[in-house]
Every structure is written in C-alpha cells, then in structure tokens.
Amino acid sequence: MTPGQQKALREAIGEMMPLAAEIFSEVRMVSQDRDGVTRPAWSAEDQAAGDILLRAARAQDLTTRTDQIGNTYASLKGRNTNAPAILTGSHLDSVARGGNFDGLAGAVAGVIALAALRRAGIVPGCELTAMGIRCEESVWFGIAYIGARLSVGAMERAEFDALRRLDSGRSLAAHMAEVGVVADDIWRRDGPEISAANTKAFLELHIEQGPLLIEQATSLAVATAVRGNLRYGDGVCYGAYQHSAAAPRRLRQDAVLAVTELLQRLEALWHEIEDNDDPSAVFTVGKLFTDPEQHALTKVPGECHFSLNFGSTEPRTLERLATAVASLTAEIAARRRVRFALGDPVGSPPTPLDPNLRAKLSASARRLSIPCLEFATVGHDASIFARAGIPAAVLLVRNGEGSHNPRESMDLQDFELGVNVLAATMIDLADG
Ligand SMILES: [Zn+2]
C-alpha cells in the first residue's frame, strides 16, 4: 500500500466504527438472554446473527453468499480472480448466557475490514473473504468446531449423523433443516468448501479470553500457538475411612492428604517448567471433593475425587507431565498406602500457527505504530484451518473479565486497532 492508501484505509476503518457498533448491538438484541447472550449454532438467534452480517455486507457493496453448512461469506473481489483467496472470520455462535464478543468480534472485523478497503478504493491482489462460522462453541452438541470442520471436509458422515443435541436428543440435521440448511447437500458437494487449494491463508481476530493484555495495558497480541491439553477428568484416590482421634499417623491411609501432596508436587513441577522451559504451560485442578455421604469432621477421609488439566503449546511438556503424573502417583500411593485411579487421559495436541502469517501480523502492527504482544492462546476455529493445511494465525484483542460470561468487555477503540492490523495484513498477503 502507498502512504496515501494507508491513510485512506485508516480513515475508512474509523468511519466504519459506528456500523460495527450497530452490528454488535443488533446481534445482541436478537440473542439477548437475561444478563447475557445465547446463540446456539443453527438456532434462530444464530441464523439472525448471520443475516444481520450479510445484510450489513451487502449494504457496503460486498458480494455475499452462504455455503451448504450455513456459514456466511462476504467478499471483496481482487485483481487476480483465479488466485486463492485470503480468508478471515470467526464464529457466530455463543455459549449459553455468554458474552457478545467471543467469536462475533472476528466475524464483524472481517466485514468491516473489507468494507473499509472498498471505501478507501483499495483493490487487493486477490479476493478477500470474511466468514461467519457456525458452531464453534457447540453448546447444543458438545463437540466444538463443527462448522469449521464441515467447511474443510474434516468430518465423516457417520460422525455427523450420530450428532444429537445433548439435552433433547434431536439430530443436528433436524436443527439444520429448521434454518433451511439441507444436511444431505453437504455430502453431495464435489469437495470441501475451503481447502489449501482455494485459500491462501486464514486470519482470525478474536477477543483475548485471559487477562494478559489488561495486565500489560496493551490492545493487541499475535497468538504464537494454540495450546494442546492433557486431561484426567475423574481421578479418584482410595484410602481407608478411620477414626480421626484413634488412628495414629503411621497407620493412616488418608486420601485427601495423598491427593494434596500430589497436587502440590505437580504445582511445583509446573512452576519449574514455566520458569525454565515453557512459559505456555498451565495447570488447573477444577474439581476436588470428598464424598458428602461419607465424609465427616471426625473421619480420616477414605476417598478423594479430583481432576487434572494441563495445557501447553509444546508436545514435550505434555509428555513430561503425563510421565510425572504416573511416577508421582506410584510413589505417593506406595508411601501413603493409598491407591490412585486416574483413568485414561484425554487431550488434544497443540496446534502451531503459521510463522510467516504471525510475522506479517506483527509487522503490520509495527508499521501502524500499534503495540502488539505475542503469547499462546486457547482453541479457536483457526486451529481447524491450520490442521487442514491452510496457513492460519490469530490476532487477539484486549477484553475485560474473561469470556463465556456476560461481563465480557471489549473497547471499540481496541477493536478498531485490531481491524487496522487485520486489513493491512490481508492486503500485504494478497499483494505478496
Ligand atoms: Zn471463540
């Protein structure tokens, strides 16, 4: 871009902010649920959000369409009509009584970026497309990323057909039909809607779901990678219930003290890893309880339930933690005469994000004099595109109070800076 185009683009994005605010507020209105918003994928609310986005895009003279899944697209034609497109976007659905910006911010950012480029008279080197993605949170079906997976052909028909709404048992296909999406059409198409052959890159703007940008007083960050995880959901330690006053220490089989020793030693290991090796490592004990039917002030606890949840961008960290869990539980069980039953861990591998795209996002921010950090993020639609072989990256925007709750808060000024970096990077990629 010439300096003149850069200036025109920045002004156009500024002029588009009232429209962005209007879209956020309209979508909030159609999905308001007591103190938050509820937009389950393929619900009337999520459909209305897609319609609002498409209408706004058409009013800005962007070309719009939907695919067989109901994902929405708004496009700005480029000079080379045969070249693979640059794709941006995020999900339209929300958790139950969640915040309005998780996902929606990225979907709106794409439309605003393209509309501003058009207004500034900038013709990209190739087509730029803004996508509104179905079913990332998947509050009804419990399996994340359904819309993105279907769009890249990363879901088998058998898995799709087995998907039922968790509370009612109603099929995904039946819910799709309710908003005019014919599930059979997904399997009739020639190939996936989005592939490495037709898409050069996927850029996702998303609110930060942690507190780092607030702590660092910075508006934006480029995500380094998507953390993988290693989870033991239903760990139990079995000891023996004994009289609290009568049992001497050497004869006790205290399940609670055994578990708390395990947790403290895992925490110490986490600190060591985080300090010396892998700052992306996280460790959470979300569940820890004794059996209320049996526990008492006067009993040595004979049973203790707990969960372990590790995250990292480094496969070697997750392997190291799995080994530590096995050896620590064996050692503690032998010494304290208890038994640990952890079950098989479940997890997902870390997803690296594209180094070239990350560098381009950071370079755009530098050119625009917008401070921008770098750190790891949680799972987003971008990881599905990355796994499908499409170079992908995530731009995080400062957000207060975490996400998946009604208190989510993103300043429109931070959003505007994010759209500036996004639009500049898309042009850079399209022209490169
Ligand atoms: Zn999200």
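Residues numbered from 1 in each chain as written. Predicted model: local features only at pLDDT ≥ 70, side-chain atom pairs only at ≥ 80, totals over all residues. Heavy atoms only, no water.

Draft legend 1. Geometry of the domain arrangement of the protein chain. Domain boundaries in the protein chain define domain 1 (3-226 + 350-431) and domain 2 (228-348). The interface of domain 1 with domain 2 comprises four residues on the first partner and eight residues on the second. In total, domain 1 and domain 2 occlude about 360 Å² of area from one another, counting both sides; carbon and sulfur atoms represent 77% of this. At the boundary of domain 1 and domain 2, one finds one residue pair in polar contact (both at pLDDT 80 or more). Classifying every residue of the side of domain 1 that touches domain 2 gives four nonpolar, no polar and no charged. (Domains from an automatic or database assignment. Contact = heavy atoms within 4.5 Å. Buried area = accessible area lost by both parts, 1.4 Å probe. Polar contact = N/O pair within 3.5 Å; in protein donor to acceptor, adjacent residues only side chain to side chain. Nonpolar A, V, L, I, M, F, W, Y, C, P; charged D, E, K, R; others polar.)

Draft legend 2. Representation of the packing of helix α1 (residues 3-31) against helix α13 (residues 412-431) in the model. Close contact between α1 and α13 brings their axes to 10 Å; oriented N to C, the two are set at 125°. Put simply, α1 runs oblique to α13. Regarding α1 and α13, the two cross each other, and that crossing is right-handed. For the pair α1 and α13, the contacting residues are L9, R10, I13, G14, M17, A20, A21 and F24 in the first and L412, F415, E416, V419, N420, A423 and A424 in the second. (Axes fitted to C-alpha atoms, helices over the stretch in contact; angles between N-to-C directions. Helix = DSSP H or I, 4+ residues; strand = E, 2+ residues; numbered from the N terminus. Parallel < 35°, antiparallel > 145°, perpendicular 65-115°, else oblique. Left-handed = near helix turned anticlockwise from the far one by under 90°.)

Draft legend 3. How the structure looks around the layout of surface pockets. By volume, the largest pocket is sized at about 1300 Å³. As for the largest pocket, its lining consists of 50 residues, and the residues nearest its centre are R227, R231, T377, V378 and G379. Elements supplying a minimum of two residues to the lining of the largest pocket: β8 (220-226), β9 (228-238), α9 (255-276), β11 (282-284), β14 (303-312), β16 (346-348), β18 (372-377) and α12 (381-387). Across the lining of the largest pocket, the residue classes tally to 18 nonpolar, 19 polar and 13 charged. A domain split of the lining of the largest pocket shows at least three residues from each of domain 1 (3-226 + 350-431) and domain 2 (228-348). Looking at the second largest pocket, its volume works out to about 230 Å³. Lining of the second largest pocket is provided by 16 residues; of these, R65, A85, E127, T129 and N198 occupy positions nearest its centre. Secondary structure elements with two or more residues in the lining of the second largest pocket: β4 (72-76) and β5 (85-91). The class makeup of the residues in the lining of the second largest pocket is five nonpolar, seven polar and four charged. (1 Å grid on protein atoms, 1.4 Å probe; cavity = no way out; pocket = protein on both sides within 12 Å on 5 of 7 lines; lining within 4 Å. Points joined across faces, edges and corners; volume = space filled by probe spheres on them.)

Draft legend 4. The arrangement of the packing of aromatic side chains in detail. One pass over the full model with this rule turns up eight aromatic pairs. Relative to F415, the ring of F24 has its centre 5.3 Å away and its plane inclined at 75°; by these criteria the two rings are edge-to-face. Placement of the pair is F24 in helix α1 and F415 in helix α13, with a sequence separation of 391 residues. For F24, a relative accessible area of 5% gives the class buried. Aromatic side chains F306 and F340 sit 6.2 Å apart centroid to centroid with 90° between the ring planes, which places their arrangement in the edge-to-face category. (Phe/Tyr/Trp six-rings, centres within 6.5 Å; stacked < 30°, edge-to-face > 60°. Buried < 20%, exposed > 50% of the residue type's maximum accessible area, 1.4 Å probe, protein only.)

Draft legend 5. Representation of unusual backbone geometry within the structure. Phi at W42 is positive, roughly 65°, even though this residue is not glycine. Position of W42 relative to the elements: it lies in the loop between β2 (36-37) and α2 (44-59). On the basis of relative accessibility, which here comes to 1%, the residue W42 falls in the buried class. Even without being a glycine, C135 presents a positive backbone phi close to 55°.

Draft legend 6. Geometry of empty space enclosed by the protein. A complete count under the given rule lists one cavity of 30 Å³ or more for this structure. When its volume is computed, the largest cavity comes out at roughly 50 Å³. In terms of lining, the largest cavity is formed by L53, L54, A57, T72, Y73, A74, A107, V111, A130, M131 and G132. Counting only elements with at least two residues in the lining of the largest cavity, the list comes to α2, β4, α3 (104-119) and β6 (128-133). Here the lining of the largest cavity is composed, by residue class, of nine nonpolar, two polar and no charged.

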